[in-house]
Amino acid sequence: MTVVVCGPAAWNHLIELDRLPEPTPHMQFATGSVRTVGGTSAGKAVHLAELGLDVRLHALLGADAEGAAVASGLARAGVRLARHASEATEQHVNLMTRAGERVSLYVATPSAADPAIVAEIGDDLDSAAVAVVDLSALGAELVARGIDAPVWTDLHDYDGKAAFHEPFLRAAEVVFMNDDAVDDPWQLLESCLQRGPRLAVCTRGASGAIAMDAARRRYAVAAVEVDVVDSNGAGDAFFAGFLAAHGAGSDVDASLEAGARQAAVALASPHLHPALSEPDAGTRAG
């Protein structure tokens, strides 16, 4: 099964703290630090490749050292990268705690894609068994264009109302999100299904994950016990594990279990996936 992924790939500096900074001037010492490949689409592509799927990733990268580092890491992880020109490579500084708290600072964002690039990516997505289109300005152009293949998308911390997310939701056959912005995740899944997807999945961190199908059947899975090193990318790993199992014919329960197992792979590594832990993919201190 060929999966084409389109969206953010970034160079990230992850800084581990024992607590998030106070909203006052002060000094704080990091307990760890790593520079590594980031981005929600890169995370999905790396895990899908490790699971044996034929995956292509379209991403905007600059002709800079950060872009070269991202491309090198993805190549080592077995991802076929379609690299498209940008004035700069997306970069984040993420302040993290072991409890999963995070503050993400965008240091650089990619430039807008040329219309010819949008058309090229759209044609490739049309040919896929599954088109994974992540939240981004480029992704918004692609869903507005229309995609012939079944679309899977990740709404992340969707609150059920954000206007930017709406076109992605309405274009999707399967939609993922987390429960960070809502009190009732079941109601969130119900509201998503009312806009067209056949299946909606919500990850809940240490509480596992839940799903609801078009018939409004409910499913749930517990999180896999793991010594958490870093929570960054766990949702993308879950998405990949679920997609791979579902594409191989597994039912929703088994696909949720596969997603939970794959999330544990990301949680046990300071990188999106252990395949990115070679020397030039980032080093850890602390």
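For clarity, every value in this text was computed on a predicted model and none was experimentally measured.

*Asks:* If you had to explain the nonpolar core to someone new, which residues and values would you point to?
*Replies:* W152, F238, L243 and L256 are the most contacted members of the largest nonpolar core, which totals 44 residues. Counting residues per element, this core draws most heavily on helix α7 (residues 234-247), at six residues. Those residues in contact with L256, other than ones at most four positions away along the chain, are V201, A209, A211, Y219, A220, V221, F238 and F242.

*Asks:* So what's going on with the sheet that holds strand β11 (residues 199-203)? Residues and values would help.
*Replies:* Spatial ordering of the open sheet is given by β5-β4-β1-β8-β9-β10-β11-β12-β13, a layout of nine strands whose pairing is mixed. Both edges of this open sheet fall to β5 (80-86) and β13 (218-221), since each of them pairs with a single strand only. In this sheet, adjacent strand axes meet at a mean angle of 15° when their direction is disregarded. As defined by bridge partners, β11 adjoins strand β12 (residues 209-213) across five bridges and the pair is classed as antiparallel. Residue pairing in the sheet places L199 in a bridge with D213 of β12. Contacting β10 (174-178), β11, β12 and β13, helix α6 (residues 185-193) crosses the sheet at an angle of about 35° to β12.

*Asks:* How would you sum up the pairing of strand β6 (residues 90-96)? Please name residues and give values.
*Replies:* Burial analysis of β6 places seven of its seven residues in the buried class, which makes it a mostly covered element. Judged by which residues are buried, β6 turns out to be covered on both faces: E90, H92, N94 and M96 on one side and Q91, V93 and L95 on the other are all buried. Summarising the sheet, strand β2 (residues 10-16) and β6 pair through seven bridges and their orientation is parallel. By the bridge assignment for β6, L14 is matched with N94. Relative to strand β7 (residues 102-108), β6 runs antiparallel, the two sharing six bridges. Across the sheet, H92 pairs through a bridge with Y106, a residue of β7. What sits between the antiparallel neighbours β6 and β7 is a turn of five residues, in which G100 has the positive phi angle 95°.

*Asks:* Run through unusual backbone geometry, naming residues and quoting values.
*Replies:* Even without being glycine, H156 reaches a positive phi, approximately 55°. Along the polypeptide, H156 turns up in the loop between β9 (151-154) and α5 (166-171). Even without being a glycine, R216 presents a positive backbone phi close to 65°. By secondary structure assignment, the location of R216 is in the loop between β12 and β13.

*Asks:* How would you explain the confidence of the model for the chain if you had to name every residue and give the values?
*Replies:* For the chain, per-residue confidence averages 94 on the pLDDT scale, and residues scoring 70 or more make up 97% of the total. With pLDDT under 50 throughout, residues 280-286 is counted as low confidence; its partners more than four residues away or in other chains account for 27 contacts.

*Asks:* Give a description of the side chain of E166 that names residues and reports values.
*Replies:* Here E166 is to be found in helix α5. Looking at E166, its side chain comes within polar contact range of the side chain of R170, at 2.8 Å. If sequence neighbours within four positions are ignored, E166 has contacts with Y158 and R195.

Each value, and the rule that gives it
- Residues numbered from 1 in each chain as written.
- Predicted model: local features only at pLDDT ≥ 70, side-chain atom pairs only at ≥ 80, totals over all residues.
- Heavy atoms only, no water.
- Core = buried A, V, L, I, M, F, W, Y, C linked by side-chain atoms within 4.5 Å.
- Buried < 20%, exposed > 50% of the residue type's maximum accessible area, 1.4 Å probe, protein only.
- Helix = DSSP H or I, 4+ residues; strand = E, 2+ residues; numbered from the N terminus.
- Contact = heavy atoms within 4.5 Å.
- Pairing = 2+ DSSP bridges.
- Axes fitted to C-alpha atoms, helices over the stretch in contact; angles between N-to-C directions.
- pLDDT = per-residue confidence, 0-100.
- Polar contact = N/O pair within 3.5 Å; in protein donor to acceptor, adjacent residues only side chain to side chain.

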